[in-house]
Amino acid sequence: DQILAALCPCLGFCRGEFWQVDRAAGALRCIQSHPGNVASHDKLETATRRLILSQGEGLPGLAWAQHDAVWIPEVAADPRFLRPTE
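Everything quoted here is computed from the prediction, not taken from an experiment.

About the criteria used
Each chain carries its own residue numbering, running from 1 in the direction its sequence is written. Per-residue local features of the predicted model are confined to residues with pLDDT of at least 70, and side-chain atom pairs are confined, for both listing and counting, to 80 or more; whole-chain, interface and lining totals are unaffected and use all residues. Hydrogens are left out, water is left out, and the side-chain values use all remaining heavy atoms of the structure. Each helix corresponds to a stretch of at least 4 residues labelled H or I by DSSP, and each strand to a stretch of at least 2 residues labelled E; elements are numbered beginning at the N terminus. Whether a residue is buried, partly exposed or exposed follows from its accessible area with a 1.4 Å probe, protein chains only, as a fraction of its type maximum: under 20%, in between, or over 50%, in that order. The contact rule is simple, with two residues in contact once any of their heavy atoms fall within 4.5 Å. In short, DSSP must find at least two bridges between two strands for them to pair.

### Here's the deal with the overall build of the protein chain
Alright, step 1. Looking only at helices and strands, one finds 3 helices and 2 strands in the protein chain.
Alright, step 2. Listing each helix as α and each strand as β along the protein chain from the N terminus yields α-β-β-α-α.
Alright, step 3. Within the protein chain, the fraction of its 86 residues that count as buried is 30%.
Alright, step 4. In the protein chain, of all internal contacts separated by at least 6 residues, the share reaching a separation of at least 24 is 40%.

### Overview of helix 3 (residues 58-66)
Alright, step 1. Among the residues of helix 3, those classed as buried are Gly 58, Leu 59, Pro 60, Gly 61, Leu 62 and Trp 64.
Alright, step 2. Looking at the buried side of helix 3, the elements it contacts are strand 1 (16-22) and strand 2 (27-34).
Alright, step 3. Positive backbone phi, approximately 55°, marks His 67, located one or two places after helix 3.

### As for the pairing of strand 2
Alright, step 1. The pairing of strand 1 with strand 2 spans 7 bridges and is antiparallel. The residue bridging Trp 19 from the neighbouring strand is Cys 30, located in strand 2.

This is the structure we're talking about:
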């Protein structure tokens, strides 16, 4: 959490998440997050922790499939964002 807490303000992000590949399950899970100033943090955090994504699914899965970061200016407007934004 300290790394995300330090990186988010430097990069201008209001929230940060660290997703890790579970190779045995062939899935991606969020293992750490930093809430930043997201008003609906509890709801978003609960939804995030419940997600188990496959390669190419959602924004984290897309980054996994592309082996590269995925940047979006407004998550609420992106159909690949699979969690509540309010």
